[in-house]
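What the coordinates show
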Amino acid sequence: MTIGGPGVMHAEVVLDDPLVRRVFARVLERLDAQPAAERTNFIRINLDEAAAPEIHAADSLAARAVAWAAIDGVVAANWAQLGYRLHKKYGAREDRKPYLDVRWPDNVEDLIRARLNRPRKVPSYAAQWKSLVNGHTSTLQNAALARLEAMPIEVTGRPIEDVFSRFLSIREIAGEPLLLREVSSRTFWGLSKLLDGRGDAVAALLGTDECPFPEQPIVLNVHLAGQPAVFLFVENHVSFERLKQRSDLTDAALIFSSGFRAASIRLRRRGGCRVYYTRSSVQAAIDSFEEALFSTIDVPTFFWGDLDFSGMAILASLRSSFPTAQAWQPGYAPMLARLVRGDGHSLAESGKERQRPIERTGCFYADHTLIPALRSAGLFVDQE
C-alpha cells in the first residue's frame, strides 16, 4: 500500500481534483444503492482507463504525477486503501492494475458528500418505520411484526423516532377505559384523529385480536313517524328536516348522519353508534327500529344525498352494511331533471375538485342513470 511521500496532495486539495471527485462519485453511487451500515466489505473502485483517464491517458509525465499525487493524498487521509492486482515487477504503477478499497466512517462520508454536493438519500418513511419495528423484536410479539411494519404512523414535522416511541407508549394505558380518539390525543401531542381507522395497528401492538379502544360512536339523528318498514338515509340536515314534515313517509325511518359516517360497519353495532330520536318520534317504534338496525337483517334501505360523485360513493359504501341499499328515486329524480337541463354547478364552483368519478355502486338506478348523467353533464346538484 502506498502512503504519503513527496508530492502527496493535502486532503482539502484532493477533493477539488477531477479524478478523485469522479472516483468518489462512483463510491457514493454504490453507497446510495446500499448504505455503509449494510456492507461487510470495502467498496472497490478499479483505477482503470475508464475511471482514471488522468493516469492512463495523461498528456505528460507531470500530469500523470499530479493524478497520482491526488490518489496518494486520498490514501494519506485514510479515506481509502490503494492496492494492485499485479506485482510491481510488471512495470509502472498504472500498469499494475491499481484499485482503491473504500470504507468511510460517517463523518468522512458526510464531508465528501458536502464537497461533492451529494446529500444522503433519505429512506422512505415506510422504510424507516419498518426498521424501527424490526429494532424492537424483543418487545413486540413476532406475530405482530409483519402487521406493524405495514402500518406506519406519520405526524408531519415530528421525527419518526418520536412518533414511534409515542406509539409504543400506548401499551402503558392499555387497561384504561378510553375511546380511540382519547388514546390518540393523549399519545400524539393532542392529535385526536391520528388513530382513526388504525385500530388494527393498536391491536397488533397490544397483541389482541381487536383494538380494546372503541372508535368514536357514530351519531345518528332518527325520526320515526310510525313503525318503520324501510330505512331512508339522508346526507344533509336541511333535507332531513324537510322530510320530517311529509305525511307520506310514515313507514320510513328517516336517518341523518352526515358524509360517510352512515356508511361505517360500526353503524350496526350497539357500541358503534349513538341514536338520538326527534321529539315527535313514535316511542313505540324505537324498539323495532333498533332491533332491525343492530342486526344482520337486510332491511329495505334507501339513500338520498347530493347528486355528485361523493354522494354515489357514500351509497356504494352504505351497501357494505345494507347490501340492497338503493338510491332514493323520489329524491334524485327532480335533481336529475335539473342536471339534464344544465341547471347544475361545476367542480370548481362548489369546491369539489377532489372528488373522483365512481364507476359503480351496485345500485341499478345509480349505475345506469345517475352516474352516466353526471359524467355526461360534467355538473352536480346539491341535495337541498
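Residues numbered from 1 in each chain as written. Predicted model: local features only at pLDDT ≥ 70, side-chain atom pairs only at ≥ 80, totals over all residues. Heavy atoms only, no water.

In this section: the pairing of strand 4 (residues 218-224). For strand 4, a buried count of five out of seven residues is recorded, marking the element as mostly surrounded by other parts of the structure. Bridge count between strand 4 and strand 7 (residues 273-277): five bridges; the pairing is parallel. In the sheet register, leucine 220 faces strand 7, and the bridge partner there is valine 275. Taken together, the four bridges between strand 4 and strand 6 (residues 252-256) define a ladder with antiparallel strand orientation. Residue pairing across strands places histidine 223 opposite leucine 254, the latter belonging to strand 6. (Buried < 20%, exposed > 50% of the residue type's maximum accessible area, 1.4 Å probe, protein only. Helix = DSSP H or I, 4+ residues; strand = E, 2+ residues; numbered from the N terminus. Pairing = 2+ DSSP bridges.)

So, on to the nonpolar core. In terms of nonpolar packing, the biggest core is built from 54 residues, with Leu220, Phe231, Phe289, Leu293, Tyr332 and Leu370 touching the most fellow members. When residues in this core are grouped by element, the largest group, six residues, is from helix 16 (residues 364-377). Here phenylalanine 289 is in contact with Val222, Leu224, Pro228, Phe231, Ala253, Ile255, Val275 and Tyr277, once residues within four sequence places are set aside. Judged by nonpolar contacts, the second largest core, of 33 residues, contains Val14, Val20, Leu47 and Ala80. (Core = buried A, V, L, I, M, F, W, Y, C linked by side-chain atoms within 4.5 Å. Contact = heavy atoms within 4.5 Å.)

Right, let's talk about the sheet that holds strand 9 (residues 326-327) for a bit. Pairing within the open sheet is mixed, and its six strands lie in the order 7-4-6-5-8-9. The sheet is open, and its two edges are formed by strand 7 and strand 9, each paired on a single side. Where strand 5 (residues 230-234) lies against strand 6, five bridges are found, and the strand directions are parallel. Bridging from a neighbouring strand, leucine 232 pairs with leucine 254 of strand 6. The strands touched by helix 11 (residues 237-244) within the sheet are strand 4, strand 5, strand 6 and strand 8 (301-304), with strand 6 carrying the most contacts at an inclination of about 155°. The strands touched by helix 12 (residues 286-293) within the sheet are strand 4, strand 5, strand 6 and strand 7, with strand 7 carrying the most contacts at an inclination of about 155°. (Axes fitted to C-alpha atoms, helices over the stretch in contact; angles between N-to-C directions.)

For the structure on display, the rule yields 18 salt bridges. Residue arginine 113 is joined to aspartate 32 by a salt bridge in which the shortest nitrogen-to-oxygen separation is 2.8 Å. Taken as a pair, arginine 113 in helix 5 (residues 106-116) and aspartate 32 in helix 2 (residues 18-33) lie far apart in primary sequence, 81 residues in all. The residue arginine 375 makes a salt bridge to glutamate 359 at a minimum N-O spacing of 2.9 Å. With arginine 375 in helix 16 and glutamate 359 in the loop between helix 15 (347-350) and helix 16, this residue pair connects regions lying 16 residues apart in the sequence. The exposure class assigned to arginine 375 is partly exposed, which follows from its relative accessible area of 41%. (Salt bridge = Lys/Arg side-chain N within 4 Å of Asp/Glu carboxyl O.)

Keep in mind these numbers describe shape, not what the thing actually does.
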